[in-house]
Amino acid sequence: MSRHVIVTGASRGIGADIARRFIAAGDLVTGWSRAGTAPEGCASSAAVDVSDSEAVTRALKEAVAAHGPVDVFVINAGITRDGLALRMSDEQWREVLSTNLDGAFYCARAALSSMVRQRSGRIVMISSISPFYGVPGQANYAAAKAGMVGLARSLAREVASRGITINVVAPGFIETDMTADLGSTSDQMNALIPLGRTGTTAEVAATVEFLSSPDAGYITGQVLAVDGGLAMGL
Ligand code: NDP
């Protein structure tokens, strides 16, 4: 049966591939991003800045009015503003926390407002191995992505009795615009990764699809790394 899936950050990278994966499975996909673009085949797309609480609430209502209650919500939108902490500006800190953590809370709360009534639903949050591995220059990003795990686990306990699961995917090094400047194909980078290579957006999308599937019905509050073994044992 076709489900209504909302994916944030669907305009490119990991989010675009997650959207494509659900489209290929026959689901109705609503894609959000600031640009408002989404992959071909999405049922609709909207320009939504996830750090704007009112915009998220409004967009959720519009999506539900257009395509019905939300079955799956993928909280993927994220940014980096890297810099060593001693030189990190308040803006660099706030911007990353606003999009990556405030945004995750606004989206989860909006999704739950639809799912709780249905007494079913799946939320998948895209965190990172950054907070588990420790990456210099990413104090803001790691703090936001660690916060996301606490958010997911608290919410998972709050809504488990309503048949809703909430899980976290923690990608390692995936080749997208976000990592384009970091020299992803360098031998040095690959040498750190037990599987010896960077990951693909398709590999993250497949994990999100699994956690949203009926087969994952007994999994909630988990953090699943898709990282080639980089942060093994997080
Ligand atoms: P990209 O930079 O390629 O894409 C980011 C997406 O998020 C874009 O669609 C962007 O669209 C959207 N976005 C950014 N800010 C906002 C906002 N305020 N409101 C709505 N949408 C927003 O990144 P990736 O695909 O690489 O990353 C996707 C997620 O995966 C992120 O959360 C990232 O932290 C996480 N991740 C990525 C890793 C990697 O190696 N690539 C590793 C670990 C985690 P627009 O600019 O139009 O708003």
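Residues numbered from 1 in each chain as written. Predicted model: local features only at pLDDT ≥ 70, side-chain atom pairs only at ≥ 80, totals over all residues. Heavy atoms only, no water.

Here we take up the pattern of salt bridges. Where side chains of opposite charge bring their charged atoms close, a pairing between them can arise. With the rule as written, the count across this model stands at seven salt bridges. Where Asp 177 meets Arg 12, a salt bridge forms, and the shortest distance between an N and an O atom there is 3.2 Å. With Asp 177 in the loop between β6 (164-171) and α6 (187-192) and Arg 12 in the loop between β1 (4-8) and α1 (13-24), this pair connects stretches of sequence that are 165 residues apart. Measuring nitrogen to oxygen at the nearest pair gives 3.1 Å for the salt bridge that ties Glu 95 to Arg 81. Taken together, the residues Glu 95 in helix α3 (residues 90-118) and Arg 81 in the loop between β4 (72-75) and α3 connect sequence positions 14 residues apart. (Salt bridge = Lys/Arg side-chain N within 4 Å of Asp/Glu carboxyl O. Helix = DSSP H or I, 4+ residues; strand = E, 2+ residues; numbered from the N terminus.)

Let us now look at the side chain of Ser 98. As for its placement among the helices and strands, Ser 98 is situated in helix α3. With residues up to four places along the chain from it excluded, the contact list for Ser 98 reads Ser 51 and Gly 103. (Contact = heavy atoms within 4.5 Å.)

Taken together, the side chains of Tyr 133, Val 135 and Leu 192 make up a nonpolar region of the molecular surface, amounting to roughly 270 Å² of accessible area. For Val 135, the location among the structural elements is in the loop between α4 (130-133) and α5 (139-159). (Patch = residues over 30% accessible without salt bridge, like charges linked within 9 Å, V, L, I, M, F, W, Y side chains within 5 Å. Areas by Shrake-Rupley, 256 points an atom, 1.4 Å probe, with all protein chains shown as cover.)

What surrounds the ligand is a group of 30 residues, the closest being Ser 11, Arg 34, Asn 76, Tyr 141 and Thr 176. One nitrogen or oxygen atom from the side chain of Arg 12 is found 3.3 Å from an oxygen atom belonging to the ligand. Between the ligand and Thr 176, the relevant distance is 2.4 Å, taken from an oxygen atom to a side-chain nitrogen or oxygen of the residue. Within the complex, 96% of the 890 Å² of free accessible area of the ligand lies under protein. Secondary structure elements with two or more residues in the shell around the ligand: α1 and α5. Tallied by class, residues from the shell around the ligand come to 13 nonpolar, twelve polar and five charged. (Near = heavy atom within 4 Å. Polar contact = N/O pair within 3.5 Å; in protein donor to acceptor, adjacent residues only side chain to side chain. Nonpolar A, V, L, I, M, F, W, Y, C, P; charged D, E, K, R; others polar.)

Let us now look at the packing of helix α2 (residues 53-67) against α3. Put simply, α2 and α3 touch, their axes get as near as 9 Å, and they point 30° apart. By the angle class used here, α2 and α3 are roughly parallel. Remark: the crossing between α2 and α3 carries right-handed chirality. Only Tyr 106, Cys 107, Arg 109, Ala 110, Ala 111, Ser 113 and Ser 114 of α3 make contact with α2, whose side of the interface consists of Ser 53, Val 56, Leu 60 and Val 64. (Axes fitted to C-alpha atoms, helices over the stretch in contact; angles between N-to-C directions. Parallel < 35°, antiparallel > 145°, perpendicular 65-115°, else oblique. Left-handed = near helix turned anticlockwise from the far one by under 90°.)

Taken by themselves, the reported measurements are silent on function.
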